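Residue-level structural notes
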Amino acid sequence: MNWNDLKYYLTVARVNNITEASIELGVSPSTVARRISELETRLGASLFNKRPTGYFLSDAGKGIFSLVDETEANFQFLERKMANFSGTRARPVKLELPELLGQYVIIPELLALRKSEPGIRFEIVNSVKNSKLSSRESDIVVRLSMPKSGSYTVRKIGVIAQAAYCSQEYLEERGHPNSTTDFANHTLIGWNEGFGYLPLAKWFSELTGGAELWLETCNFNSQLEAVCAGTGIAVLPKFVAEKFSLKQVIALIPVLPLKQA
């Protein structure tokens, strides 16, 4: 079996979208679709349920995900370990960071480490989906919740608050929701089907009474860009909403606190 085919499978499984996977892999969407089809033919099973909203793992696809994911992590771990024995390259440290928190809070602080620790280089993974801590995929993992099992070195680094936000332009055009039931009359931006399990996705659904989403995405950046463009309302971290001067929707509704570990 060609390992490269499995890399295509993993990428699509993580983003649930052929186009986004093609961008990440640096190939055309048709190439991704073809490699997935070839892998399914070779395995004799459909790995994805192909829907208008994206590619979602079938039962067969879910059945092999953990094994393939861990295999990739072991390859990456081996590469990083071998790099430690090379005197010609800086030692790599792989960081898994939540979206937005990594971009706007943690990455800007790495400059100090570049100056004080010149023998270290960084590889950043930004994702909403968490890898298994036991998979050794990353050296340092920043999570939005404490691990429920296993023995790890854990340190709390802060607390994140999230709430529903929109732009000033949106408020001027559409007005402010007067109550939670009024969300049905507004443009809502949220997570696609593959991310419905996220606490903030569930919280937003409860807040809006299950109102239909106008725009569904699989990452925070798309939601942030849409809100900044005046498109609608989405749940975003308070620190990034304040950075872009966004307005909290219905200020009396408490924000969603997420402990950072």
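Residues numbered from 1 in each chain as written. Predicted model: local features only at pLDDT ≥ 70, side-chain atom pairs only at ≥ 80, totals over all residues. Heavy atoms only, no water.

Overview of the overall build of the protein
Quick reminder of the rule: Only DSSP runs of H or I with at least four residues qualify as helices, and only runs of E with at least two residues qualify as strands; both kinds are numbered from the N terminus onward. Only protein chains enter the area calculation, which uses a 1.4 Å probe; residues under 20% of their type maximum are buried, those over 50% are exposed, and those in between are partly exposed. Per-residue and other accessible areas were derived by the Shrake-Rupley procedure at a 1.4 Å probe size, with only the shown protein chains allowed to occlude residues.
Scanning the protein from terminus to terminus reveals 10 helices and 11 strands. Looking at the protein as a whole, 41% of its 261 residues qualify as buried. For the protein, the exposed surface amounts to about 14500 Å²; the carbon and sulfur share of it is 52%.

What to know about the side chain of Asp182
Where we set the bar: Charged residues are defined here as Lys and Arg on the positive side and Asp and Glu on the negative side; His and the ends of the chain fall outside this count. Each reported salt bridge corresponds to a side-chain nitrogen of Lys or Arg within 4 Å of a carboxyl oxygen of Asp or Glu. Within 3.5 Å is the distance limit for a polar contact, defined as a pair of N or O atoms, with the added protein rule that one can donate a hydrogen and the other accept it, and that residues adjacent in sequence qualify only through two side-chain atoms. Note on contacts: a residue pair is in contact if any heavy atoms of the two residues lie within 4.5 Å.
Inspection of the secondary structure assignment puts Asp182 in the loop between helix 7 (168–174) and strand 7 (189–191). One buried charge, Asp182, has no salt-bridge partner; the nearest side chain with opposite charge is Arg174, at 8.5 Å. Among the polar contacts listed, one links the side chain of Asp182 to the side chain of Asn185, at a separation of 2.8 Å. Setting aside chain neighbours within four positions, we find Asp182 in contact with His176 and Pro177.

Digging into the nonpolar core
Let me state the cut-off plainly: Residues enter a nonpolar core if they are buried and are Ala, Val, Leu, Ile, Met, Phe, Trp, Tyr or Cys, with the set joined through side-chain atoms within 4.5 Å.
In this structure, Phe183, Trp191, Phe204, Ile233, Leu236, Leu246 and Val249 are the most contacted members of the largest nonpolar core, which totals 33 residues. Elements that contribute at least two residues to this core include exactly strand 6 (158–166), helix 7, strand 7, helix 8 (199–207), helix 9 (220–228), strand 9 (234–237) and helix 10 (238–243). With five residues, the top contributor of residues to this core is helix 8. Phe183 has contacts with Pro177, Leu188, Leu207, Thr208, Ala211, Ile233, Val249 and Ile250, leaving out every residue within four places of it along the chain. Ranked by size, the runner-up nonpolar core spans 17 residues in total, among them Tyr8, Ala13, Ile18 and Leu47.

Things to note about the packing of aromatic side chains
For clarity, the cut-off: Any pair of Phe, Tyr and Trp rings, taking the six-membered ring for Trp, is counted once the centres come within 6.5 Å. Such a pair is stacked with planes under 30 degrees apart, edge-to-face with planes over 60 apart, and tilted for the rest.
Evaluated as defined, the whole model comprises six aromatic pairs. Taking the centre distance of 5.8 Å and the plane angle of 55° together, the rings of Tyr9 and Phe48 count as tilted. In this pair, Tyr9 is assigned in helix 1 (residues 3–15) and Phe48 in strand 1 (residues 48–51), connecting sequence segments 39 residues apart. Across this residue pair, the class does not change: Tyr9 and Phe48 are buried.

Section: the pairing of strand 6
Cut-off, in case you're wondering: In this analysis, strands are considered paired if DSSP registers two or more bridges between them.
The pairing of strand 6 with strand 9 spans four bridges and is classified as antiparallel. Along strand 9, the bridge assignment pairs Tyr165 with Ala234. Note that strand 6 and strand 10 (residues 247–248) share two bridges and pair antiparallel. Opposite Tyr165, over in strand 10, you have Gln248 as the bridge partner.

Brief notes about the environment of Tyr165
Tracing the chain through its elements places Tyr165 in strand 6. Relative accessible area serves as the criterion here: at 4%, Tyr165 is assigned to the buried category. Each C-alpha atom, one on Tyr165 and one on Ala241, is 7.1 Å from the other, the two residues being 76 residues apart in sequence. The contact partners of Tyr165, leaving out residues within four places of it in the chain, are Val227, Gly232, Ile233, Ala234, Leu236, Pro237, Lys238, Ala241, Leu246, Lys247, Gln248 and Val249.

Some remarks on the environment of Ala60
Its location among the elements puts Ala60 in helix 4 (residues 59–83). Ala60 gets classed as partly exposed once you look at its relative accessible area, which sits at 30%. Taking the C-alpha atoms as reference points, Ala60 and Ser46, separated by 14 residues in sequence, lie 6.7 Å from one another. In contact with Ala60, other than residues within four places in its own chain, are Ala45, Ser46 and Leu47.

Some thoughts on the packing of helix 1 against helix 2 (residues 18–25)
Short version of the rule: All axes here are fitted lines through C-alpha atoms, helices being fitted over the stretch that makes contact, and every angle between N-to-C directions spans 0 to 180 degrees. For classification purposes, an angle smaller than 35 degrees is called roughly parallel, one larger than 145 roughly antiparallel, one from 65 to 115 roughly perpendicular, and anything else oblique. Two helices crossing with the near one rotated counterclockwise from the far one by less than a right angle form a left-handed crossing, whereas a clockwise rotation gives a right-handed crossing. Residues are grouped as follows: nonpolar covers Ala, Val, Leu, Ile, Met, Phe, Trp, Tyr, Cys and Pro; charged covers Asp, Glu, Lys and Arg; every other residue, Gly included, is treated as polar.
Packing of helix 1 against helix 2 brings their axes to within 9 Å, and their N-to-C directions diverge by 130°. Between helix 1 and helix 2, the interaxial angle falls into the category oblique. In the crossing of helix 1 with helix 2, the sense of the turn from one axis to the other is right-handed. In contact with Tyr8, Thr11, Val12 and Val15 of helix 1, helix 2 contributes Ile18, Glu20, Ala21, Glu24 and Leu25. Within the contact of helix 1 with helix 2, the residues separate by chemical class into six nonpolar, one polar and two charged.

A word on empty space enclosed by the protein
Short version of the rule: Space inside and on the surface of the protein is sampled on a 1 Å grid over the protein atoms alone, with a cavity defined as a set of points where a 1.4 Å probe fits but cannot get out and a pocket as an open set with protein on both sides within 12 Å along at least 5 of 7 lines; lining residues have an atom within 4 Å of a point. Grid points are joined across faces, edges and corners, and a volume is the space filled by probe spheres set on the points.
Per the counting criterion, the structure on display carries one cavity of 30 Å³ or more. The computed volume of the largest cavity comes to approximately 60 Å³. For the largest cavity, the lining is made up of 10 residues, of which Leu144, Ile160, Gln162, Phe220 and Pro237 are closest to its centre. Across the lining of the largest cavity, the residue classes tally to eight nonpolar, one polar and one charged.

These values are about where atoms sit, not about what they do.
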